[in-house]
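Take a look at the letters that make up each chain.
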Amino acid sequence: MRIPKISFGVILLAGIAFAADSTPWKVAPAPPASWQRDRVADLTARRKAVMDQIGDHAILMLFAAEPRNYANDVDWPFRQENDFFYLTGLTQPGATLMLIPSAGKMREIVFLPRANPAQETWTGHMLTHAEAREISGIQDVFDASQVNGLLSALVPRARAVLTELPATGGRGGRGGRGGADAGVPLDVPVWSLEIAKPIEYAAKEELQLYMILPARPNAVECRREQEFAGKLASVGAGLTIKDASTIFNTLRRVKSQREIDLLQHAVDITAEAFQRAYAFAVPGTPEYEIQAQFEFTFLRRNAHWGYPCIVGSGVNATTLHYETNKDTMKDGDLLLMDDAAEFDQYSVDVTRTVPVNGKFSSEQADIYRLVWAAQQAGFSAAKPGHAASDIQGAANEVFKQGLFKLGLITDAKSDAQMKIWFNHGISHGIGLNVHDPGGKELQPGMVVTVEPGLYFRPDALENLPKTPEMEKFREAVRPAFEKYKGIGVRLEDDVLITNAEPRVMSAAVPSKLEEVEASIAKLRQTAKN
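Here is what the cut-offs are and how they apply
Residues numbered from 1 in each chain as written. Predicted model: local features only at pLDDT ≥ 70, side-chain atom pairs only at ≥ 80, totals over all residues. Heavy atoms only, no water. UniProt positions renumbered as here; feature names shortened; annotations may be inferred. Helix = DSSP H or I, 4+ residues; strand = E, 2+ residues; numbered from the N terminus. Buried < 20%, exposed > 50% of the residue type's maximum accessible area, 1.4 Å probe, protein only. Contact = heavy atoms within 4.5 Å. Areas by Shrake-Rupley, 256 points an atom, 1.4 Å probe, with all protein chains shown as cover. Lys, Arg positive; Asp, Glu negative; His and termini not counted. Charge placed at Lys NZ, Arg CZ, Asp CG, Glu CD. Core = buried A, V, L, I, M, F, W, Y, C linked by side-chain atoms within 4.5 Å. Domains from an automatic or database assignment. Axes fitted to C-alpha atoms, helices over the stretch in contact; angles between N-to-C directions. Parallel < 35°, antiparallel > 145°, perpendicular 65-115°, else oblique. Left-handed = near helix turned anticlockwise from the far one by under 90°. Pairing = 2+ DSSP bridges. Buried area = accessible area lost by both parts, 1.4 Å probe. Phe/Tyr/Trp six-rings, centres within 6.5 Å; stacked < 30°, edge-to-face > 60°.

By the naming in an unreviewed UniProt entry, the protein chain goes by Xaa-Pro aminopeptidase and is assigned to Solibacter usitatus. What UniProt states about the protein chain under its Catalytic activity (unreviewed entry) heading is, verbatim, "Release of any N-terminal amino acid, including proline, that is linked to proline, even from a dipeptide or tripeptide." Within the UniProt record for the protein chain, the comment given under Cofactor (unreviewed entry) is "Mn(2+)".

Scanning the protein chain from N- to C-terminus turns up 19 helices and 19 strands. Viewed in the frame of its principal axes, the protein chain has a C-alpha envelope of about 75 × 60 × 45 Å. Taking all 529 residues of the protein chain together, 53% fall into the buried category. Put simply, 75% of the contacts in the protein chain that link residues at least 6 apart link residues at least 24 apart. Accessible surface, the protein chain: about 23,300 Å² in total, of which carbon and sulfur atoms supply 55%. Both charge centroids of the protein chain, one from 57 positive and one from 65 negative side chains, sit 2 Å from each other.

For soluble globular proteins, the rule of thumb is that nonpolar side chains tend to be buried together. If you look at the biggest cluster of nonpolar residues, it comprises 117 residues, and the most contacted ones within it are L60, I290, L403, W421, L454 and F456. It is helix α13 (residues 257-280) that contributes the most residues to this core, 13 residues altogether. Counting residues domain by domain, this core receives three or more from each of domain 1 (33-68 + 78-168 + 191-251) and domain 2 (254-528). Ignoring any residue separated from it by four or fewer positions in sequence, one finds W421 in contact with L403, L408, I409, G453, L454, Y455, F456, A460, L461, F473 and F481. Core analysis: the second largest hydrophobic core is formed by 32 residues, F111, F142, L162 and A229 among them.

Another aspect to go through is the packing of α13 against helix α14 (residues 287-300). Contact geometry of α13 with α14 gives a least axis separation of 9 Å together with a crossing angle of 150°. Taken as axis vectors, α13 and α14 run roughly antiparallel relative to one another. Here α13 and α14 pass one another in a crossing that is right-handed. Along the contact surface, α13 presents I269, T270, E272, A273, F274, R276, A277 and F280, while α14 presents I290, Q293, F294, F296, T297, F298 and R300.

The next subject is the sheet that holds strand β12 (residues 341-343). If you trace the 3 strands from one edge of the open sheet to the other, you get β9-β12-β13, paired in antiparallel fashion. The sheet is open, and its two edges are formed by β9 (304-305) and β13 (346-347), each paired on a single side. As paired strands, β12 and β13 are joined by 2 bridges and run antiparallel to one another. Looking at β13, one finds that E342 is bridged to S347. Its contacts with the sheet place α13 against β12 and β13, and it is angled at close to 140° to β12.

In this section: the domain arrangement of the protein chain. As a measure of interface size, the accessible area lost when the parts come together is often cited. Its domain assignment divides the protein chain into domain 1 (33-68 + 78-168 + 191-251) and domain 2 (254-528). Between the C-alpha centres of domain 1 and domain 2 there is a distance of 39 Å. At the junction of the two partners, domain 1 supplies 14 residues and domain 2 supplies 15 residues. Between domain 1 and domain 2 the total buried area reaches about 1,300 Å² when both faces are included, carbon and sulfur atoms providing 45% of it. On the domain 1 side of the interface with domain 2, the three residues burying the most area are W35, R79 and F85, jointly 42% of the side's total.

Burial of strand β10 (residues 310-313) is two-sided: the residues I310 and G312 facing one way and the residues V311 and S313 facing the other way are all buried. The pairing of β10 with strand β11 (residues 334-338) spans 4 bridges and is antiparallel. For V311, the partnering residue across the bridge sits in β11 and is M337.

So, about the packing of aromatic side chains. What describes a pair of aromatic rings is the distance from one ring centre to the other and the angle between the planes of the rings. Within the structure shown, the criterion is met by 15 aromatic pairs. Their ring planes at 25° and their centres at 5.7 Å tell us that W421 and F481 sit as a pair that is stacked. Here W421 is found in helix α17 (residues 415-421), whereas its partner F481 is found in helix α18 (residues 468-484), with 60 residues between them in sequence. As far as burial versus exposure is concerned, W421 and F481 are alike and both buried. Relative to Y484, the ring of F456 lies with its centre 6.5 Å away and its plane at 40°, an arrangement referred to as tilted. Here F456, found in the loop between β16 (453-455) and α18, pairs with Y484, found in helix α18; they are 28 residues apart in sequence, far enough to count as distant. Of the two residues, F456 and Y484, neither departs from the other in class, the shared state being buried. Aromatic ring contacts, followed pair by pair, group F274, Y278, F294 and F298 into a single cluster.

Pasting the structure below:
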């Protein structure tokens, strides 16, 4: 009888899956002390920075993210809207934040959906006012049904529109099933007294309302904001409505020490996961098993993936955002893994490319060493005062010289030829988004990626434009291309810009060729034992 083949990765996983932390690799440390200790101070400083920017003649209004559902049946895991989370730390759907710099006492207000015990039986706990105060540091917390009351006092001309709109903060419970309205709460302030100055500015048509309003119409994540702003504008409410995105993009570029600590913790979790991947990514293992190693590690460390896992072996490594992860790794393949953790909504971004059998072939080593050299050049350019584009430029120069020597381009000065093999940007910010706001000039406290790559898709030459110039190029590089065809290599690290040398936060994940091979051998031998 023929016995089904069981991959080495499955055997190893079965042997250690239930051993809590007695693993043959370095596990991620506990979350940083600053995570909870400095949360309120961080959030308070951000809210002050926003109010300083919008000024006394403005208010800011942010909605929590809307719960997502598919097939009108199953709820997607809820993830808070980034800017709302940036100012509040709250993960409650259906909430609204208002910042009113010129108000008397209530300059920071959170509105929460009313808790409904019957609904909580199905979908879980909803934040109480006391919990929201503790998490956010915002002391003025009211029922979400009072948002429109405040706005009606602020701009009486909008009263009719406000009554037509659904509850401004959106739906409260998980899956969008909010609590029942039990009537007006007893603790409703007299808004006309609390916000007398903004009312005065609105009456003079001097008040500005800041919201997150993308330029593109019908933006999925900001549908309510666009609808709400449109309704107010339609009745001439006396407000100038402005997009707050630029304010947040500027503030979020430079990270606080607490944010840097959270990103480092996400990197540490990612590093642990890469060790598991180095150990288990052997010939005969399906790509999805390696994806499982990453996601298993993320979840057991109270984290999540920051973006869908990319685990591409063989020719799949030449697809930039390969996410199928269904093929089986073969002896001689390279394996490109672009996988990283998100911890408390802070996401990092790390990529490694390794030989499945533990040793790079000569051709694979040629490409790998070139990508590594380009990354080192990018690191050297990641300094304060440098343009973000300097990172790209430094790597490009290494690539052009290296590709020319390998016979893969015919002009060592041609950016166009180089881009045939390196066709994406090299750097972006990370933070609450895996592609967080960046800036044209690097500043201390920014955290950016450096991610060069080379990709030799088997059909690349055939897909070049059919021009005499490209035909000449195609024939000139074909011999070298046949040598490297099917190879894809990307290396990506997360780099903190400092006042001195850049700090590679993900340096614990081996990337130098000799260190990768040594790490694989050690981890696989230790895991066997």
